[in-house]
Amino acid sequence: MHTIDAYKVDLEQFSVFLQSQYEIVEPAIIQHIHIRSWAVSLMEQKYSASSIRRKLSTLKSYFRFLQREQMITRSPMLQVSLPKLGKRLPSVVPEQYLEQMLNAIDPADDYEKLRNQLVVELCYLTGMRRGELLNLKVSDLNLSAFTIKVLGKGNKERLIPISHATATLLRQYLDLRQRTFPNTAELALLLTKDGKAAYPKLIYRIVKDSLSTITTQEKRSPHVLRHSFATHLSDHGADLNAIKELLGHSSLAATQIYTHHSIERLKKIYQQAHPKSGAD
């Protein structure tokens, strides 16, 4: 949502441009060419496409208001197209880095350390969203069947398979959880050091701290591990529909971004390795 302050800044910036470039002060005189000219000037000032779209959206709302107030008869924005946004590939941690991190973790008889390890492994090895992880209850685990029941968006349930190693880690955690908080009535799987249900910032901090040991990339969130889970599955040839089901996506459109990421990776490998790729 745009704040009033953001609208005000955008409109003031547009007004200054109109006055300095065209000596226009009356809204009724503004034409689509003036708006396009402003958009070009913003591009020259290195504004991103998303920022320019936001500013033009502000103008669209502004001219709709002028029409309602009968100050203009037609919006000049009808002849202005918003700049297209390039597809942004999700941030992914290289597979070997994550393997290195997970292999370096030594399960300890320390509740916080073991819980933190479990958080990182569940985020990466199941692709769960942070909210889904926080909503997990002890009763959602079926360790004999090696599955976890997850409540996703739109209250849709799905079963996520887990490995024998993850099941073993979960058993170890549940045992330590019981010994650390023997009288707890908390249903949530993940607890704070005080025995209360874990909260979003705690999960974010755990993941960020863990990823900081293996990468300096800017994004180091639970969602990066979800992206990494899906991308690595795609890299290893997993069926797109299977990835969709594991992620809990409602359509394939949201899942296809991970095939794009894999294709970009293959292009880089091709350019680096093939003698006829044209690379220097």
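What counts and how
Residues numbered from 1 in each chain as written. Predicted model: local features only at pLDDT ≥ 70, side-chain atom pairs only at ≥ 80, totals over all residues. Heavy atoms only, no water. Core = buried A, V, L, I, M, F, W, Y, C linked by side-chain atoms within 4.5 Å. Buried < 20%, exposed > 50% of the residue type's maximum accessible area, 1.4 Å probe, protein only. Helix = DSSP H or I, 4+ residues; strand = E, 2+ residues; numbered from the N terminus. Contact = heavy atoms within 4.5 Å. Expected span 1.5 Å × (residues − 1). Polar contact = N/O pair within 3.5 Å; in protein donor to acceptor, adjacent residues only side chain to side chain. Phe/Tyr/Trp six-rings, centres within 6.5 Å; stacked < 30°, edge-to-face > 60°. Salt bridge = Lys/Arg side-chain N within 4 Å of Asp/Glu carboxyl O.

(A) Highlighting the nonpolar core. Counting 48 residues, the largest nonpolar core has Leu133, Ile148 and Leu190 as its most contacted members. Here this core gets eight residues from one element, more than from any other, and that element is helix α5 (residues 111–126). In contact with Leu133, other than residues within four places in its own chain, are Val119, Leu122, Cys123, Met128, Leu190 and Ile203. Counting residues in each nonpolar core, the second largest holds 17 residues, with Phe14, Leu42, Leu59 and Leu66 among its members.

(B) Expanded view of the side chain of His34. Within the secondary structure, His34 sits in helix α2 (residues 32–44). What makes His34 buried here is its relative accessible area of 8%. For His34, the contacting residues outside a window of four places in its chain are Phe14, Phe17, Leu18, Tyr22, Ile24 and Ile29.

(C) A look at unusual backbone geometry. For Glu23, which is not glycine, the phi dihedral falls at a positive 55°. Residue Glu23 is classed as exposed on the basis of its relative accessible area, which comes to 71%. Although it is not a glycine, Phe146 adopts a positive phi angle of roughly 55°. Mapped onto the elements of the fold, Phe146 is located in the loop between β1 (141–142) and β2 (147–151). Classification of Phe146 by relative accessible area gives partly exposed; the value is 22%.

(D) Inspection of α5 at higher detail. Look at α5: 22 Å from first C-alpha to last across 16 residues, which is about the 22 Å you get at 1.5 Å a residue. The element α5 is largely enclosed, with a buried count of 12 among its 16 residues. Listing the buried residues of α5 in full gives Tyr111, Leu114, Arg115, Gln117, Leu118, Val119, Val120, Glu121, Leu122, Cys123, Tyr124 and Thr126. Between the side-chain oxygen at the start of α5 and the backbone nitrogen of Glu112 there is a gap of 3.2 Å, and the oxygen is on Asp110. Positive backbone phi, at 75°, marks Gly127, one or two positions downstream of α5.

(E) Local environment of the packing of aromatic side chains. In the structure shown here, the tally under the stated rule is five aromatic pairs. Their ring planes at 70° and their centres at 6.1 Å tell us that Phe17 and Tyr22 sit as a pair that is edge-to-face. What makes Phe17 buried here is its relative accessible area of 11%. Here Tyr22 falls in the partly exposed class, since its relative accessible area comes to 35%. Between the aromatic rings of Tyr111 and Tyr173, the centroid separation amounts to 5.7 Å while the plane-to-plane angle is 35°, which identifies the pairing as tilted. Placement of Tyr111 in helix α5 and of Tyr173 in helix α7 (residues 164–180) is noted, with a sequence separation of 62 residues between them. On the accessibility criterion, Tyr173 (0% relative accessible area) is buried. Here the aromatic cluster, defined as three or more aromatic residues joined through ring pairs, consists of Tyr111, Tyr173 and Phe181.

(F) Quick peek at the pattern of salt bridges. For the structure on display, the rule yields eight salt bridges. With a shortest N-O distance of 3.2 Å, Asp109 and Arg179 are connected by a salt bridge. Placement of the pair is Asp109 in the loop between α4 (95–104) and α5 and Arg179 in helix α7, with a sequence separation of 70 residues. Assessed through its relative accessible area of 61%, Asp109 is described here as exposed. Among the residues examined, Arg179 registers a relative accessible area of 48% and is labelled partly exposed.

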